[in-house]
Amino acid sequence: NNTPEVLGVFHHIANIHGCHLQIVNDSYLESFPNIGLQGDHQRSNAALALSMCRYAMERSQKLFHRSSTISQEKLQGALAETFWPGRCHTVFLPCLPSDSVTNNHG
């Protein structure tokens, strides 16, 4: 929930602990038209994952004094190919008889 009141609490707690707070939303993925997982909520999850990846790369560059980059194309490909079997996963099967009743009222 990104209401001003909630964000205010997050900012306050981050300030108390001397932490940087970055708000990530779906606009972070404007250059990523396709992600592999279905569902609108997955765009928010992908935006957060991408933000964390970029932060980790920046942090490791500062700590280890090494430059590492991942091209935009590789990031786009990785998000587009993301697959989690069984998670928001559509399965197409031939017509099979099945008994899916789980209780007496079914």
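One can find the structure itself at the top, above this paragraph.
In this report, we go over the structure that sits alongside the text.

Rules used throughout
- Residues numbered from 1 in each chain as written.
- Predicted model: local features only at pLDDT ≥ 70, side-chain atom pairs only at ≥ 80, totals over all residues.
- Heavy atoms only, no water.
- Helix = DSSP H or I, 4+ residues; strand = E, 2+ residues; numbered from the N terminus.
- Buried < 20%, exposed > 50% of the residue type's maximum accessible area, 1.4 Å probe, protein only.
- Contact = heavy atoms within 4.5 Å.
- Areas by Shrake-Rupley, 256 points an atom, 1.4 Å probe, with all protein chains shown as cover.
- Expected span 1.5 Å × (residues − 1).
- Patch = residues over 30% accessible without salt bridge, like charges linked within 9 Å, V, L, I, M, F, W, Y side chains within 5 Å.
- Salt bridge = Lys/Arg side-chain N within 4 Å of Asp/Glu carboxyl O.

Bringing the overall build of the protein into the picture now. Each helix and strand in the protein was counted, giving three helices and zero strands. Counting from the amino terminus, the protein carries its helices and strands in the arrangement α-α-α. Across the 106 residues that make up the protein, the buried fraction comes to 13%. Restricting the contact set of the protein to residue pairs at least 6 apart, pairs at least 24 apart contribute 44%. About 8,800 Å² of surface is accessible on the protein, with carbon and sulfur atoms providing 57% of the total.

Here we come to helix 2 (residues 40-64). The terminal C-alpha atoms of helix 2, which comprises 25 residues, lie 37 Å apart, in line with the 36 Å expected from a rise of 1.5 Å per residue. Those residues of helix 2 that fall on the buried side of the exposure criterion are Q42, A46, A47, L50, S51 and M57. Along its buried surface, helix 2 packs onto helix 3 (72-80). Immediately beyond the C-terminal end of helix 2, within one or two residues, lies H65, with a positive phi of roughly 55°.

Attention now goes to the environment of S51. Tracing the sequence through the fold places S51 in helix 2. Here the alpha-carbon distance between S51 and V24, two residues 27 residues apart in the chain, equals 7.3 Å. Beyond its immediate chain neighbours, meaning those up to four positions away, S51 contacts Q22, V24 and Y28.

A contiguous nonpolar surface patch, about 270 Å² in accessible area, is contributed by V9, I13 and I16. Tracing the backbone shows I16 in helix 1 (residues 4-16). With relative accessibility at 52%, the residue I16 sits in the exposed group.

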